[in-house]
Amino acid sequence: MDFLLSQNNLYIVIIALVSGGMLLWPTLTKGRSGNAVSVQEAIQLANQRQAIFVDVRTPEQYKAGSIAQARNIPAAELAAKAAALPKNKPVILVCDQGRESARAVAALRKQGLEAVSLEGGLRGWTQGGLPLGKKA
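Note that the structure is predicted; figures quoted are calculated from it, not measured.

*Asks:* Describe the pairing of strand β4 (residues 91-94), naming the residues involved and giving the relevant values.
*Replies:* Burial along β4 is two-sided: the residues Val91 and Leu93 and Ile92 and Val94 are all buried. Summarising the sheet, strand β2 (residues 52-55) and β4 pair through 4 bridges and their orientation is parallel. When the sheet's bridge partners are listed, valine 54 is paired in β4 with leucine 93. Of the strand pairs in this sheet, β4 and strand β5 (residues 115-118) are connected by 3 bridges, and their pairing is parallel. Residue pairing for β5: leucine 93 is matched across the bridge by serine 117. Following the chain from β4 across helix α6 (residues 99-110) to the adjacent parallel β5, one finds a crossover that is right-handed.

*Asks:* Hey, could you go over α6 for me, with residue numbers and the actual values?
*Replies:* Taken together, the buried positions of α6 are occupied by Ser101, Ala104, Val105 and Leu108. Mapping the buried residues of α6 onto a view down its axis gives an arc of 130°, with all of them on the same face. Exposed and oriented more than 90 degrees from the buried face of α6 are Arg99, Arg103 and Lys110. After α6 finishes, the residue glycine 112 shows a positive phi value of roughly 85°.

*Asks:* Give a description of the packing of aromatic side chains that names residues and reports values.
*Replies:* Under the defined criterion, the tally for this structure stands at 1 aromatic pair. On the numbers, 5.6 Å between centres and 75° between planes, the contact of phenylalanine 53 with tryptophan 125 is edge-to-face. With phenylalanine 53 in strand β2 and tryptophan 125 in helix α7 (residues 121-127), the pair connects residues that are 72 residues apart, well separated along the chain. Taking relative accessible area as the criterion, phenylalanine 53 reaches 2% and is therefore assigned buried.

Conventions we followed
Residues numbered from 1 in each chain as written. Predicted model: local features only at pLDDT ≥ 70, side-chain atom pairs only at ≥ 80, totals over all residues. Heavy atoms only, no water. Buried < 20%, exposed > 50% of the residue type's maximum accessible area, 1.4 Å probe, protein only. Helix = DSSP H or I, 4+ residues; strand = E, 2+ residues; numbered from the N terminus. Pairing = 2+ DSSP bridges. Right-handed = clockwise from strand over helix to strand, strands pointing away. Arc of directions from axis to C-beta. Phe/Tyr/Trp six-rings, centres within 6.5 Å; stacked < 30°, edge-to-face > 60°.

Taken by themselves, the reported measurements are silent on function.
In structure tokens:
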């Protein structure tokens, strides 16, 4: 016991505990919310479970560039148009930076849809090296 309480060893133990906590923090905080997926997780959802991308930005922003297969339903209209979305497929909400879509997830979940937000929004998508399509 004296070995652990010596000053040098105590510093090492404290550093190890703090480092371990810092490594676990992202996992613990993501597990609580569960409302956001990374770009890679979104692609896997689309490929494996036929997830649908829904762009919640304004029509003007959507036309300027969006994920190629995304539908546009502005956030203000999302609750009213949620019935048109399939309940048997995940819905990935997309906005510019991921903030607005994260707020919209709760509204869709209340209506029984499996909804998640794309972490980082379209900025995260383009930073991941993925293309955007322009709508006519």
